[in-house]
Amino acid sequence: MGFLWPALLTLLISIPVLISIYAWVLRRRKRFTIHYSSLSLVRAAVPRQSRWRQHVPFALFLIALASLIVGMARPVASVQVPSSRATIMLALDVSWSMCASDIPPNRLTVAQAAAEKFILNQEAATRIGVVAFAGFAELIVPPTNDREILLDAVRNLVTARRTAIGSAILRSIDAIAEVNPDVAPVEVFSEVDASGSIDVPEGNYQPDIIVLLTDGASNRGVLPLEAAIAAAERGIRVYTIGFGTPTGSPFNCTRQQLGGIEFDDLFSGFSGFGGGGRFRRGLDEETLKEVAALTGGEYYLAESADELLDVFADVPAHLETTRVTTEITAFFAGAAALLALAAIGLSQLWNPLP
């Protein structure tokens, strides 16, 4: 505990001064003691514990005075509170495989609905950003508290070819670095050194997290594990979500989800996703688990709309607490008032004025 005005603590010298005055007054009273012929009469007249009852109100008054002086010095304490500067980056896969209809109407629509609910469930002070990734990662919305902008961005996601999971992680780190000076940025297209070992001491994580959802395996950009090392070095946890079922299913994206292009025009003659227009989930669960484990996050698997909603509900929004200095003058002032009232009340109860 510290003090904003420590010089006022010198007033505590008044406490021993008052004790000395109190003792002097008691000694003066003894000079005028009335002598009784029978000691038994005095004992009968004086109730038990009269001596300590005489001194308790004064002792409470002194404690109240000391508490008041400490409060006047404006004491401050360092306490742990949930971080209010947390940033959550939503990295959402918008590759063409998200058009698969194994989770009706398609994976992307269900992911959009779950992301919208996740955004609405966060506290107002929590900043949220959105990164969409396919063959490259793009920051759709920088970290913001404006829920309408976030919801509008999620509702208007457009699919594209390929999957760049590592680039999505790096782009999310850069977005966090823009609002958190304790996080060093990483260029999305820069080389990431994956040779060193990572050892992030417990409790040294940033309050910011990355929530990454994908239904496939990375086939473009920086390797996911290299990007995970960059996140771990900065104390940023990555929570990965594997989405989709192993069952093959036809594509069923809307024109809006395809960027205004008709579905038949986009996929006519294209056989990259398997025969018959059906796609089997190519989810790289091992890599997603390693990314989560390396950064201190967690991996989730969702194979239905309900499971995805449950996953987003389980992702912790506040992982870290922040040590802040807060003034606790009110505590000492309140204690002083209560002690003073107690001193006055007991004095009147045990030693009422004539």
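Residues numbered from 1 in each chain as written. Predicted model: local features only at pLDDT ≥ 70, side-chain atom pairs only at ≥ 80, totals over all residues. Heavy atoms only, no water.

**Some thoughts on the nonpolar core**
At step 1: In this structure, Leu90, Val211, Leu213, Ile241, Phe243, Leu308 and Phe312 are the most contacted members of the largest nonpolar core, which totals 35 residues.
At step 2: Of all the secondary structure elements, the ones that give two or more residues to this core are strand S3 (87-93), helix H4 (107-121), strand S4 (127-133), helix H5 (147-155), strand S6 (209-214), strand S7 (237-243), strand S10 (299-302) and helix H10 (305-314).
At step 3: Membership of the second largest hydrophobic core comes to 29 residues, among which are Ile165, Ala228, Leu283 and Tyr299. (Core = buried A, V, L, I, M, F, W, Y, C linked by side-chain atoms within 4.5 Å. Buried < 20%, exposed > 50% of the residue type's maximum accessible area, 1.4 Å probe, protein only. Helix = DSSP H or I, 4+ residues; strand = E, 2+ residues; numbered from the N terminus.)

**So, the state of the cysteines**
At step 1: Per the stated rule, a full pass over the model turns up one disulfide.
At step 2: Linked covalently through their sulfurs, cysteine 99 and cysteine 253 form a disulfide whose S-S length is 1.9 Å. Its S-S torsion of approximately -95° makes the covalent link between cysteine 99 and cysteine 253 left-handed. Residue cysteine 99 is found in the loop between S3 and H4, and its partner cysteine 253 is found in the loop between strand S8 (249-250) and helix H8 (263-267); the two are separated by 154 residues along the sequence. (Disulfide = S-S within 2.5 Å.)

**What to know about helix H9 (residues 285-295)**
At step 1: Buried within H9 are the following residues: Thr287, Leu288, Val291, Ala292 and Thr295. Angularly, the buried residues of H9 cover 135° about the axis, an arc narrow enough to put them on a single face. Exposed positions of H9 whose direction lies more than 90 degrees from the buried face are Glu286 and Ala293. (Arc of directions from axis to C-beta.)

**Some details on the pattern of salt bridges**
At step 1: Evaluated as defined, the whole model comprises four salt bridges.
At step 2: Note that aspartate 102 and arginine 107 form a salt bridge whose closest N and O atoms lie 2.8 Å from each other. Here the two residues aspartate 102 and arginine 107 agree in accessibility, since each one is buried.
At step 3: We note a salt bridge from arginine 155 to glutamate 116, for which the minimum N-O separation is 3.4 Å. One end of the pair, arginine 155, is in helix H5; the other, glutamate 116, is in helix H4, with 39 residues separating them in the sequence.
At step 4: Ionic contacts of the salt-bridge type, sharing partners, join the residues Asp102, Arg107 and Asp215 into one network. (Salt bridge = Lys/Arg side-chain N within 4 Å of Asp/Glu carboxyl O.)

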